[in-house]
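Below, each chain spelled out in residue letters.
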Amino acid sequence: MQASDQAVREISPSDERERRAFNRAFRELAFTWYWDTSTFRGLLPIADTRERLRYFLETERPTVLSAYPIDFLVNLVCETQRRLLNESMDSQPAAFSPQRGWTAGMHSTESIA
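No experiment lies behind these values; they were computed from the predicted model shown.

**Student:** Describe the environment of asparagine 86, naming the residues involved and giving the relevant values.
**Tutor:** Here asparagine 86 shows up in helix H4 (residues 70-90). By relative accessible area, which is 43% here, asparagine 86 ends up partly exposed. The sequence separation of asparagine 86 and alanine 21 amounts to 65 residues, and the corresponding C-alpha distance is 9.3 Å.

Below is the structure:
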């Protein structure tokens, strides 16, 4: 299946997090690859992340496949990407919740002198 065979969808916030995690994985693994928004948008019709990367390698980076087996590269990059994505999700600040640190008295005008 080719990425251009299906209609291209917009990049959602979760897709954007995935794209950025892939780019961080590429950097961490010392690859000079970079998925800009246009490139990633073109890959989005391929639903499976591993197949998306496989397609990219076969079409855009075929020379690297003479040095490394494709399954090795796909596993290496996807495992690194998943770890980085999980680390970034773990480091996100907790969403504001009125139950955390706020009391009804803080919103009362009666306490203002």
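This is not the end of the story, as more comes after the structure.
**Student:** Summarise helix H1 (residues 13-28); cite the residues concerned and give the values.
**Tutor:** With 16 residues, H1 should cover 22 Å at 1.5 Å per step; its first-to-last C-alpha distance of 22 Å lies within 8% of that length. Regarding H1, the residues found buried are Asp15, Glu16, Glu18, Arg19, Ala21, Phe22, Asn23, Ala25 and Phe26. Alanine 30, located one to two residues past H1, shows a positive phi value of around 65°.

**Student:** So what about the side chain of threonine 80? Which residues, and what values?
**Tutor:** Among the secondary structure elements, threonine 80 is positioned in helix H4. Under the relative-accessibility criterion, threonine 80 is labelled buried at 9%.

**Student:** Describe the environment of alanine 21, naming the residues involved and giving the relevant values.
**Tutor:** With respect to the helices and strands, alanine 21 occurs in helix H1. Taking the relative accessible area as the measure of exposure, alanine 21 reaches 0% and is therefore buried. Distance in space between the C-alpha atoms of alanine 21 and glutamine 81 is 5.4 Å, their sequence separation being 60 residues. Residue contacts for alanine 21: discarding those within four places in its chain leaves Gln81, Leu84 and Leu85.

Here is what the cut-offs are and how they apply
Residues numbered from 1 in each chain as written. Predicted model: local features only at pLDDT ≥ 70, side-chain atom pairs only at ≥ 80, totals over all residues. Heavy atoms only, no water. Helix = DSSP H or I, 4+ residues; strand = E, 2+ residues; numbered from the N terminus. Buried < 20%, exposed > 50% of the residue type's maximum accessible area, 1.4 Å probe, protein only. Expected span 1.5 Å × (residues − 1). Contact = heavy atoms within 4.5 Å.

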